[in-house]
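# Close look at the chain arrangement
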Amino acid sequence: MRDVVIVGAGHNALVAACYLARAGLDVEVVEGRDVAGGAVSTVERFGGYRMDVGSSAHIMVRHTGIIEDLGLDRCGLTYTDLDPWGFAPFGDTAIAFHVDLDATCQSIAAACGERDAHAYQRFATDWADRNERIFAAFQQPPTARHLGRNLWDLGRITGLGGMELSRQFLSTGDALLDEHFTDERLKTALAWMGAQSGPPAHETATADLVGWNMLMHRRPPGHPVGGSGMLSVALARRLAGYGGALRLGDGARRIAVRDGVVHGVETDSGERIAARTVVAGCHVLTTVDLVGDDPAAGAAWAALADRARRTVRVGNGIGMVVRLGTSELPRYPGAIGGAEWRAMQLIAPDRNFLRAAHGDFSSGVPPRKPAALAMTFSAFDDTIAPVGKHNVTVWGQWHPYELANGEDWDTIREREGDKLIDAVDAVAPGFAASVEHVHVQTPLDLERELGLRRGQVMHVEMALDQMFAWRPMPELAGYRTPVDGLYLTGASTHPGGGVFGASGRSAARVVLADRRPRGLRRLTGRVRRAAARRPGAPGGQRT
């Protein structure tokens, strides 16, 4: 019997597996695909082109301490900074968002004027300070104690009263941008970057989706040499070093439960792996289906599963992507000496363009003119494309999974892929002529290949009411389930989607805490509370 079986080999699941195996538990990960990493994996699409399957830029995981803690640099993981992290072309000019805040302000001043440059300096400092606390809260389970400890003094940091602070966080991203800046180009670039989580900047409570990105002036995002999947390769190597097992090509068909207690996993091949603990790293609704409606799971599970199917909001997809093999990189008239190719290239002319694209999405049709985000990492990583060629990813937001106009994705895939190529060509003339290979991933493809339900790359929508202690629903927010021994991790859980790893580490800590004898758990809690009351301790009394 295994101590732990983990369902799915996404990066959060692998992080959890590593921490549990390091603690001395007998761990096996089961994965239906023949490559580890889920949406954080890299495969060969065309001869010599190593292309990411899902995510490409790693914005958060580098700064959680997970990589250092697990020694992933010794498992073949090497990052290159994305600096500048953002490049927004507008005709003959452009705005470059460097890690260095002063350099960014110089770019803004040249394109938009000194007033907006000074305003950005203040804005970036303020919202980065706020999000330092949110970043800390994201790295722990979303309990009242953890959230309170990290967020309670945001008012002191900002100098704002509680009502004004809450008003700002509940504001739309567009309103926040209008309050601080005058130039539409700057507002467009920030709105488009903020929309990468899914909700558009004109929706309520999207202000911090814009403000969150100010952390990149302190924590540079990165590209793993060899592709996004090198993070998962390194995690798999570390797991093996800790004695854990990784089974590929034989995923979970059923999570076995008896009398409300988990008993293991049955795989697609029919093998039964007995285990005291199961951690589901797949989509939360996939987990619901794997347990099913077996009465043996208990009445509490049955009630929760029914509510989850009705209330967990997956939405109607989020976007699609084309992976391109090209003979050239995009040549922008407002180029900054090649540094733009390190950046996420934010391609949208104005916010009305973004609103029109989202309006089409809301109507259930592909955007007539999609906004695009291009990434050109072969400009500095020669391992992901043949010599003299380039590997270009173009992500397009707001492409509905379910189409309302009678079309189907398998019929229109090339047409919609061409729209994304044309979006880059519109600001980098001649780019379309350089395209030699095209691999299109529609929302339907994302579901088929990666198990991303309805093409939702974040698993569950990243709206405020689906975050923190509400993600994916209050009863499941702490990684535990009503089934004894069954836990959750992955993008469905706090802190959500993106390449983060924090969910995996937090879930592992919860599992380990629950495995301690009850008396030891009580003693640990008393020691922790006593330490917190010491003068000078965080949250303790001060003299």
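Read on for a plain summary of the structure. Treat the numbers as computed from the prediction; the structure is a model and nothing was measured.

Analysis parameters
- Residues numbered from 1 in each chain as written.
- Predicted model: local features only at pLDDT ≥ 70, side-chain atom pairs only at ≥ 80, totals over all residues.
- Heavy atoms only, no water.
- Helix = DSSP H or I, 4+ residues; strand = E, 2+ residues; numbered from the N terminus.
- Rg over C-alpha atoms; globule rule 2.2 N^0.38 Å.
- Buried < 20%, exposed > 50% of the residue type's maximum accessible area, 1.4 Å probe, protein only.
- Areas by Shrake-Rupley, 256 points an atom, 1.4 Å probe, with all protein chains shown as cover.
- Salt bridge = Lys/Arg side-chain N within 4 Å of Asp/Glu carboxyl O.
- Patch = residues over 30% accessible without salt bridge, like charges linked within 9 Å, V, L, I, M, F, W, Y side chains within 5 Å.
- Pairing = 2+ DSSP bridges.
- Axes fitted to C-alpha atoms, helices over the stretch in contact; angles between N-to-C directions.
- Contact = heavy atoms within 4.5 Å.
- Parallel < 35°, antiparallel > 145°, perpendicular 65-115°, else oblique.
- Left-handed = near helix turned anticlockwise from the far one by under 90°.
- Nonpolar A, V, L, I, M, F, W, Y, C, P; charged D, E, K, R; others polar.

### Here we look at the overall build of the protein
- From N to C terminus, the protein includes 18 helices and 18 strands.
- Taking 24 Å as the expected radius of gyration for a compact globule of 543 residues, we find that the protein reaches 23 Å, a close match to that expectation.
- Each of the 543 residues in the protein was classed as buried or not, and the buried ones make up 59%.
- Approximately 20900 Å² of the protein is accessible, and the part contributed by carbon and sulfur atoms is 52%.

### As for the pattern of salt bridges
- Applying the stated criterion to the full structure yields 46 salt bridges.
- Glu28 is the salt-bridge partner of Arg247, the closest N and O atoms lying 2.8 Å from each other. Taken as a pair, Arg247 in strand S9 (residues 245–248) and Glu28 in strand S2 (residues 27–31) lie far apart in primary sequence, 219 residues in all.
- Taking the shortest distance from any N to any O, the salt bridge between Asp174 and Arg351 comes out at 3.2 Å. In this pair, Asp174 sits in helix H8 (residues 173–180) while Arg351 sits in helix H14 (residues 351–362), placing the two residues 177 residues apart along the sequence.
- According to the relative accessible area criterion, Arg351 is buried, its value standing at 5%.

### Focus: a nonpolar patch on the surface
- A contiguous nonpolar surface patch, about 290 Å² in accessible area, is contributed by Leu170, Leu464 and Trp470.
- Take Trp470: it is sitting in the loop between helix H16 (443–450) and strand S18 (486–488).

### Re the sheet that holds strand S13 (residues 319–326)
- An order of S7-S6-S14-S15-S16-S13-S17 is seen for the seven strands of this open sheet, with the pairing classed as mixed. The sheet is open, and its two edges are formed by strand S7 (93–97) and strand S17 (435–441), each paired on a single side. Going from strand to strand, the sheet's axes swing by 20 degrees on average, the running direction of each strand aside.
- Of the pairings in the sheet, the one linking strand S15 (residues 372–375) to strand S16 (residues 390–397) comprises four bridges and is antiparallel in character. Bridge pairing in S16 places Ala372 opposite Gly396.
- Against the sheet, helix H15 (residues 409–427) engages strand S6 (86–90), S13, strand S14 (344–347), S15, S16 and S17, with an angle of about 65 degrees to S13.

### Here we look at unusual backbone geometry
- Each neighbour pair has its own omega, and for Asp83 with Pro84 the value is 5 degrees, a cis peptide bond.
- Along the chain, the position of Pro84 falls in the loop between strand S5 (79–81) and S6.
- In this structure, the amide linkage connecting Arg471 to the following residue, Pro472, adopts the cis form with an omega of -10 degrees.
- Mapped onto the secondary structure, Pro472 falls in the loop between H16 and S18.
- Residues other than glycine seldom take positive phi values, yet Arg454 does so here, at roughly 55 degrees.
- Following the sequence through the fold, Arg454 ends up in the loop between H16 and S18.
- Residue Arg454 is classed as partly exposed on the basis of its relative accessible area, which comes to 26%.
- Here the phi dihedral of Tyr479 falls at roughly 80 degrees; this positive angle occurs in a residue that is not glycine.
- Mapping Tyr479 onto the fold places it in the loop between H16 and S18.

### Overview of the packing of helix H4 (residues 114–138) against helix H5 (residues 144–151)
- Where H4 contacts H5, the axes come no closer than 8 Å and their chain directions differ by 160 degrees. In terms of orientation, H4 and H5 fall into the roughly antiparallel class. Crossing geometry of H4 relative to H5 is assigned as right-handed. Residues Arg133, Ile134, Ala136 and Ala137 of H4 pack against Leu147, Arg149, Asn150 and Leu151 of H5.
- Taken together, the residues of the contact of H4 with H5 break down into five nonpolar, one polar and two charged.

In short, geometric facts, not functional conclusions.
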